[in-house]
Amino acid sequence: MIELEGVPELIDPVMVAAFEGWNDAGDAASTAVAHLDREWKGEVFAALDAEDYYDFQVNRPTVWLDGGVRKITWPTTRLSVVRVGGEKPRDLVLVRGIEPSMRWRSFCNELLGFAHELGVELVVILGALLGDTPHTRPVPISGTTSDPDLAQRMDLEETKYEGPTGIVGILQEACTHAGVPAVSLWAAVPHYVSQPPNPKATLALLNRLEDLIDVRIPLGELAEDARAWQVGVDQLAAEDSEVAEYVQTLEEARDTAELPEASGEAIAREFERYLRRRDGGQPGQPGGHATADGSDSAAYLRDSPGGGRTRPPKAPKPEPETETGTGAEAETDRDTDAGTGPGSGPGIVPDDGDSPSEE
């Protein structure tokens, strides 16, 4: 039985979820939800029991010191609520965690139980995949749904994907069976620069989410971070003639494919976003936050106690001898609130196969 005594009555609530791991190339999706949580100062009101869903040899707990006292943070999935102010206030239920190791059906049913109790009207799941896309072009964002009515109303594609799937696909299917409208937004991350962070992909996901749920999202330093990231990758690519030639090939293919899509409707959509940001004034102040009444939920959070976010260096030097970490080491690197760690930055590496990719 789910009891949510500390959560106020919500206004037109939308659940926005992202999960670290296979569905999260470049940490773009999980960083997007972390950004929403940070900008609107969300506070955790519930956390799923890590014991039920995670293999601790794959996602290891971490030890940290709190005033000289040793404490443990466990890998988990947490939920928070934020109220977006403005002329049309609405609430977002933010779900952020790690792709579970087991019992996926029970995991999704527990999340849908929260959605039902909170009166969630729409579930939006963010993901990121590896693709043959150049870093110099706008990040492709695909929106898919299993609901034909929702696809028509929101100008989305009905999903026709066949192949391996992650928790994003499973949760969307669970929503469909439960009669809850659900949308998946996927950012395509260049496979040759796949390690986190990727603020450009995060920014693209947030822009598409903004259009989808009709709220103005404060972007903070994300636009500047995205520009710095692209400058860094430009410089790395320029140092290797083969990579530069490959990027040029991707650019030509992308430009050729997208030429018919430069329609008046697409241009109008971008212009409307510009006008909203120019005339929208300051973002609404957060309010209506809900927190758990005990300290156990906080003890299950995977985030490091310090939180924070580091900005990518503008021109990091590649280190060919160092491979992208996997397993426990890779999970440890994601302990900061924005999914980045000190010294992180773009680097050109081959596809390691850990994330979904476009066929």
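Residues numbered from 1 in each chain as written. Predicted model: local features only at pLDDT ≥ 70, side-chain atom pairs only at ≥ 80, totals over all residues. Heavy atoms only, no water.

What follows covers the side chain of Gln172. Its location among the elements puts Gln172 in helix α5 (residues 167–178). In contact with Gln172, not counting residues within four places along its chain, are Ile125, Thr144, Thr145, Ser146, Ala182 and Ser184. (Helix = DSSP H or I, 4+ residues; strand = E, 2+ residues; numbered from the N terminus. Contact = heavy atoms within 4.5 Å.)

Pairing is mixed in the open sheet, where eight strands are placed in the order β2-β5-β6-β1-β7-β10-β8-β9. In this open sheet, the two strands that pair with only one neighbour each are β2 (43–47) and β9 (157–158). Bridge count between strand β8 (residues 141–145) and strand β10 (residues 182–190): four bridges; the pairing is antiparallel. Looking at the pairing, Ile141 lines up with Ala187 of β10. Along the sheet, helix α1 (residues 28–39) makes contact with β1 (14–20), β5 (77–84), β6 (90–98) and β7 (122–131), crossing β6 at roughly 135°. (Pairing = 2+ DSSP bridges. Axes fitted to C-alpha atoms, helices over the stretch in contact; angles between N-to-C directions.)

What follows concerns the state of the cysteines. As enumerated under the stated definition, the model contains zero disulfides in all. You can see Cys108 has no disulfide; the closest cysteine sulfur is in Cys175, sitting 7.6 Å from it. Accessibility expressed as a relative area gives 1% for Cys108, which makes it buried. (Disulfide = S-S within 2.5 Å. Buried < 20%, exposed > 50% of the residue type's maximum accessible area, 1.4 Å probe, protein only.)

Before going further, it helps to spend a moment on the packing of helix α6 (residues 199–213) against helix α7 (residues 222–238). Two elements in contact, α6 and α7, have axes separated by 8 Å at closest approach and are oriented at 140°. Classified by the angle their axes make, α6 and α7 are oblique. The two elements α6 and α7 cross, and the hand of that crossing is left-handed. Of the residues in α7, those in contact with Pro199, Lys200, Thr202, Leu203 and Leu206 of α6 are Leu222, Ala223, Asp225, Ala226, Trp229 and Gln230. A class-by-class count of the residues in the contact of α6 with α7 yields seven nonpolar, two polar and two charged. (Parallel < 35°, antiparallel > 145°, perpendicular 65-115°, else oblique. Left-handed = near helix turned anticlockwise from the far one by under 90°. Nonpolar A, V, L, I, M, F, W, Y, C, P; charged D, E, K, R; others polar.)

A few words on the pattern of salt bridges. Oppositely charged side chains can pair when the atoms bearing their charge come close. This structure, assessed with the given rule, holds four salt bridges. Residues Arg78 and Asp37 are paired through a salt bridge, measuring 2.8 Å at the closest nitrogen-oxygen approach. Of this pair, Arg78 sits in strand β5 while Asp37 sits in helix α1, placing them 41 residues apart in sequence. Taken individually, Arg78 and Asp37 each receive the classification buried, so the pair is uniform in this respect. In this structure, Arg137 engages Glu251 in a salt bridge whose closest nitrogen and oxygen atoms are separated by 3.8 Å. Residue Arg137 is found in the loop between β7 and β8, and its partner Glu251 is found in helix α8 (residues 241–258); the two are separated by 114 residues along the sequence. (Salt bridge = Lys/Arg side-chain N within 4 Å of Asp/Glu carboxyl O.)

That is the geometry; function is a separate question.
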